[in-house]
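In case you want the letters, here they are:
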Amino acid sequence: MIRNTDLFKQYIFIKEEVDKAVHEVIYATDFINGKSTKEFEKQFAEYNNVKYCLGVNSGTDALEIAIQSFDFPKNSEIILPVNSFIATAEAISNNQLKPVFCDCNKNNYSISEKEIIENINEKTVAIILVHLYGYPVNIDKIKKIVKKRKLKVIEDCAQAHGSKYRNKKVGTFFDVGAFSFYPGKNLGAYGDAGAIISNNKKIYKKCSLIANHGRENKNEHIIIGRNSRLDGIQAAILTTKLKYLNKWISKRNLLAREYSKNLKNLSQIKLPIINSKSLSSFHQFVVQAKKRDQLELFLNKEQIETNIHYPKTITQQPAFKENKHYKNAEFFAKNIISLPIGEHLKISDIKYICSQIEKFYEKNFNDNKKRVASG
Ligand SMILES: *Cc1c(COP(=O)(O)O)cnc(C)c1O
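Residues numbered from 1 in each chain as written. Predicted model: local features only at pLDDT ≥ 70, side-chain atom pairs only at ≥ 80, totals over all residues. Heavy atoms only, no water.

Trainee: What is the right way to read the overall build of the protein chain from this model?
Mentor: A tally of helices and strands in the protein chain yields 12 helices and 15 strands. When the backbone C-alpha atoms are referred to their principal axes, the protein chain occupies close to 80 × 55 × 35 Å. Considering the protein chain as a whole, with its 375 residues, one finds that 57% of them fall into the buried category. Expressed as a percentage of contacts within the protein chain between residues at least 6 apart in sequence, the contacts between residues at least 24 apart total 73%. Counting only carbon and sulfur atoms, one obtains 51% of the accessible surface of the protein chain, whose full area is about 18000 Å². Taken as two groups, the 60 positive and 39 negative side-chain charges of the protein chain have centres that lie 5 Å from each other. (Helix = DSSP H or I, 4+ residues; strand = E, 2+ residues; numbered from the N terminus. Buried < 20%, exposed > 50% of the residue type's maximum accessible area, 1.4 Å probe, protein only. Contact = heavy atoms within 4.5 Å. Areas by Shrake-Rupley, 256 points an atom, 1.4 Å probe, with all protein chains shown as cover. Lys, Arg positive; Asp, Glu negative; His and termini not counted. Charge placed at Lys NZ, Arg CZ, Asp CG, Glu CD.)

If you want it as structure tokens, here you go:
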């Protein structure tokens, strides 16, 4: 079976280091708000070349707390892409604010800059950018949009640890970056975990207060907060894995290039277009495929694991149901497929997957042959 993520294989590879790190935390009973968490926060801030990092309980919490820290007026609106994981929208709604969805572009998976502008009104307070699949959004275009307007920008980097735009890490371009360390993400904990990064001390302080019971010190609770902390064991695992992240991202890029090389002449497959100014972390390798559903069944039968990220737009989910249509995102939901990518795979795996994809199209609808036959 060729898997899209193989966390067991990854664990076996780093087992000694991870086991040691976890045991150190247990021996030191360094479970909450201790050295281990501080160390990860320091290292993850350094990794992103940013001043502050706050570990929290999940990527969803990172978004929710980041939004809360701005104290937006009631009924404010926050703009977001309709093609994301649902957490991006939940974080807005759970702050009693209104999510305003935008379609994505036609030729990439990023939020449509045109629709952002169309949706801005006097109630708009912020935009959430999602670097979906690890592919960075066009930061230059967003900068132009927010320049003359007083809008906050939150980068949802849950899929984009280590992704770069103009050689600078995503999550660092605007007010705040939110990360998820869900196990299957490129940098994953062994449970739920997340982080907020910022260069703004005020935002960092406010988020720290919110995430730790509004507590300034042990018995002083300044605001009504909550409990959302990155625990010491998860932090130790993340610190261990962080050392490998760049190597793993390079491997993903190598595999992505191999996919492109093998699939570029296949008319039924549309490869991802990555902004030339950026480096993608390739959390997913997403292509558009003719006869997507049949292709998926075929590959799965050949022991190749695939996923759809995502089969529905957020507004096609009952929780956020809208009758309005989002043409590009809805088209993608029906046509995209995520092919296996990850540090556990070899070039030969990618070659095999591509040969199977070719075989599927040869068998099922061979455009070339038909053309020859009728010509
Ligand atoms: C995974 C993910 C989240 C949520 O992260 P959790 O840690 O699972 O809460 C948010 N946004 C995007 C785009 C994600 O992929």
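Having seen the structure, we can now continue with the description.
Trainee: So what exactly am I meant to see when it comes to the pairing of strand β3 (residues 98–102) here?
Mentor: On a regular strand, each side chain points to the face opposite its neighbour's, so the side chains alternate between the two faces of the sheet. In terms of burial, β3 is largely enclosed, as four of its five residues are buried. Pairing between strand β2 (residues 77–81) and β3: five bridges, direction parallel. Each bridged residue has a counterpart across the sheet, and for Pro-81 the counterpart in β3 is Cys-102. This β-α-β element, β2 to helix α4 (residues 87–93) to β3, shows right-handed connectivity. (Pairing = 2+ DSSP bridges. Right-handed = clockwise from strand over helix to strand, strands pointing away.)

Trainee: Sorry if this is basic, but what is going on with helix α8 (residues 232–263) here?
Mentor: Along an α-helix, a turn takes 3.6 residues, which lines up residues three or four apart on a common side. Counted at 1.5 Å a residue, the expected span for α8 with its 32 residues is 46 Å, and the 44 Å between its end C-alpha atoms agrees. The sharpest bend along α8 comes to roughly 45°, located at Tyr-244. For α8, the side-chain oxygen to backbone nitrogen distance between the N-cap and Ile-233 is 3.0 Å, and the N-cap itself is Asp-231. (Expected span 1.5 Å × (residues − 1). Bend = angle between axes of the 7 residues up to and from the residue. Polar contact = N/O pair within 3.5 Å; in protein donor to acceptor, adjacent residues only side chain to side chain.)

Trainee: I keep staring at a positive patch on the surface and nothing clicks. Help me out?
Mentor: On the surface, Lys-141, Lys-144, Lys-147, Lys-148, Arg-149 and Lys-277 cluster together into a positively charged patch. Among the secondary structure elements, Lys-144 is positioned in helix α6 (residues 139–147). Owing to a relative accessible area of 69%, Lys-144 belongs among the exposed residues under this scheme. (Patch = residues over 30% accessible without salt bridge, like charges linked within 9 Å, V, L, I, M, F, W, Y side chains within 5 Å. Salt bridge = Lys/Arg side-chain N within 4 Å of Asp/Glu carboxyl O.)

Trainee: It is not clear to me how the nonpolar core should be interpreted in this structure. Could you clarify?
Mentor: Nonpolar side chains tend toward joint burial in soluble globular proteins. Ile-67, Ile-78, Ile-128, Ile-269, Leu-339, Ile-357 and Tyr-361 are the most contacted members of the largest nonpolar core, which has 68 residues in total. Ranked by the residues each element gives to this core, the list is headed by helix α11 (residues 347–364), at six residues. Once you skip the residues sitting within four places of it in the chain, Leu-339 turns out to touch Asn-4, Tyr-259, Leu-263, Phe-285, Val-287, Leu-299, Thr-306 and Ile-357. Val-50, Cys-53, Ala-235 and Leu-245 belong to the second-largest nonpolar core, a separate cluster that totals 22 residues. (Core = buried A, V, L, I, M, F, W, Y, C linked by side-chain atoms within 4.5 Å.)

Trainee: Got a minute to help me understand the pairing of strand β9 (residues 194–198) in this structure?
Mentor: With five of five residues buried, β9 lies mostly within the body of the structure. Alternating residues of β9 divide into Gly-194, Ile-196 and Ser-198 and Ala-195 and Ile-197, and every residue in both groups is buried. As judged from the five bridges shared by strand β1 (residues 52–56) and β9, these two strands associate in the antiparallel manner. Its bridge partner lying in β9, Gly-55 is registered against Ala-195.

Trainee: For this particular structure, what's the right way to read the environment of Asn-4?
Mentor: Within the element layout of this structure, Asn-4 appears in the segment before α1 (7–27). Owing to a relative accessible area of 4%, Asn-4 belongs among the buried residues under this scheme. Counting along the chain gives 241 residues from Asn-4 to Leu-245, while the straight-line C-alpha distance between them is 17 Å. Within the local environment of Asn-4, its side chain forms a polar contact with the side chain of Gln-284, the two groups lying 3.0 Å apart. Within the local environment of Asn-4, its side chain forms a polar contact with the backbone nitrogen of Ile-341, the two atoms lying 3.1 Å apart.

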